[in-house]
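# Structure assessment
This is what each chain is made of:
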Amino acid sequence: MRPASQFVPAARVLHWLMALMIVSMLFIGVGMVTSVSERHDWLLAIHKPLGVAIFVLAVVRLIVRLRNPPPPLPADLPAIQKFAAYASHYLLYALMLTIPLVGWAMLSAGGYPVMLSHSMRLPPIFPMNAAAFAVLRHLHAWLAALLLLTFLAHLGAALYHGLIRRDGVLSSMTGIRRLG
């Protein structure tokens, strides 16, 4: 049985796996939209299935979180910081679920297939429409930028808890018990 101050192992594994995937996806996305070389097609071929994987894992992660509530935040944490922690987590989950769907809808609106492999294609989820494609493309980019900013705030908060407050919040996700 896990200590009440720790996330369940499945939540920790999903957290770190998805963190790696999301950071990779952000770099791939930036590289993809700034490249006109042959790398563009290669990055696109990685971007689409990785986005689908992030969406699927976000759903699994949400189920794990609903079935296994996270450890409580420290009792002495100021109310504004507790609010920021809860709000940022809701925002992260919303973005992990929304961004892949917006990307899929964008590609559908542009008439582009969402290929997961050479033979596995996802069906379109939005009718072809050039104007919608343009709007969804900008929305996808803005949501990705918001994800990056939220991720950086999350990382900053984790480091604050681990290095300054040393209150066990960071160790609850690393699984490494704090010393002293």
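Residues numbered from 1 in each chain as written. Predicted model: local features only at pLDDT ≥ 70, side-chain atom pairs only at ≥ 80, totals over all residues. Heavy atoms only, no water.

Further remarks concern the packing of aromatic side chains. Inspection of the entire model under this criterion finds one aromatic pair. Between Tyr112 and Phe133, the ring centres sit 5.7 Å apart and the planes meet at 55 degrees, which makes this aromatic pair tilted. Pair noted here: Tyr112 is in the loop between α3 (79-110) and β1 (114-115) and Phe133 is in helix α4 (residues 130-165), with a separation of 21 residues, a long-range link. Classification of Tyr112 as partly exposed rests on a relative accessible area of 46%. (Phe/Tyr/Trp six-rings, centres within 6.5 Å; stacked < 30°, edge-to-face > 60°. Helix = DSSP H or I, 4+ residues; strand = E, 2+ residues; numbered from the N terminus. Buried < 20%, exposed > 50% of the residue type's maximum accessible area, 1.4 Å probe, protein only.)

Attention now goes to α3. Its 32 residues give α3 an end-to-end C-alpha distance of 45 Å, which sits within 8% of 46 Å, the value for a rise of 1.5 Å per residue. At the C-terminal side of α3, Gly111 shows a positive phi close to 80 degrees. (Expected span 1.5 Å × (residues − 1).)

Relative to the elements of secondary structure, Asp167 occurs in the loop between α4 and α5 (169-174). By relative accessible area, which is 17% here, Asp167 ends up buried. Here Val169 takes part through its backbone nitrogen, which lies 3.2 Å from a polar atom of the side chain of Asp167. (Polar contact = N/O pair within 3.5 Å; in protein donor to acceptor, adjacent residues only side chain to side chain.)

Within the largest apolar cluster, 34 residues are counted, with the highest numbers of intra-cluster contacts made by Met18, Ile22, Leu50, Ile54, Met96, Leu136 and Leu147. Put simply, the parts of the chain that give this core at least two residues each are α1 (9-33), α2 (39-67), α3 and α4. Considering each element in turn, this core owes the most residues, ten residues, to α3. In contact with Leu50, other than residues within four places in its own chain, are Met21, Met25 and Ile28. (Core = buried A, V, L, I, M, F, W, Y, C linked by side-chain atoms within 4.5 Å. Contact = heavy atoms within 4.5 Å.)

The next thing to look at is a nonpolar patch on the surface. Taken together, the side chains of Leu148, Leu149, Leu152, Leu155, Leu159, Tyr160, Leu163 and Ile164 make up a nonpolar region of the molecular surface, amounting to roughly 750 Å² of accessible area. Its place among the elements puts Leu159 in helix α4. (Patch = residues over 30% accessible without salt bridge, like charges linked within 9 Å, V, L, I, M, F, W, Y side chains within 5 Å. Areas by Shrake-Rupley, 256 points an atom, 1.4 Å probe, with all protein chains shown as cover. Salt bridge = Lys/Arg side-chain N within 4 Å of Asp/Glu carboxyl O.)

What follows concerns the layout of surface pockets. Take a probe with the size of a water molecule and roll it over the atoms, and the empty space left behind shows itself. Here the largest pocket is characterised by a volume of approximately 1,100 Å³. As for the largest pocket, its lining consists of 47 residues, and the residues nearest its centre are His15, His89, His154, Val169 and Met173. Of all the elements in the fold, those that place two or more residues in the lining of the largest pocket are α1, α2, α3, α4 and α5. For the lining of the largest pocket, the leading source of residues is α4, giving ten residues. In terms of residue class, the lining of the largest pocket is made up of 29 nonpolar, 13 polar and five charged. Considering only enclosed or pocket space, the second largest pocket measures out at about 970 Å³ in volume. (1 Å grid on protein atoms, 1.4 Å probe; cavity = no way out; pocket = protein on both sides within 12 Å on 5 of 7 lines; lining within 4 Å. Points joined across faces, edges and corners; volume = space filled by probe spheres on them. Nonpolar A, V, L, I, M, F, W, Y, C, P; charged D, E, K, R; others polar.)

A few words now on the pattern of salt bridges. What the rule picks out here adds up to two salt bridges. A salt bridge links Asp76 to Arg165, with the shortest nitrogen-to-oxygen separation between them at 2.7 Å. Pair noted here: Asp76 is in the loop between α2 and α3 and Arg165 is in helix α4, with a separation of 89 residues, a long-range link. Here Arg165 falls in the partly exposed class, since its relative accessible area comes to 23%. Across the pair Asp167 and Arg165 runs a salt bridge, and its minimum N-O distance is 2.7 Å. Salt bridges here are not isolated pairs; linked through shared partners, they connect Asp76, Arg165 and Asp167.

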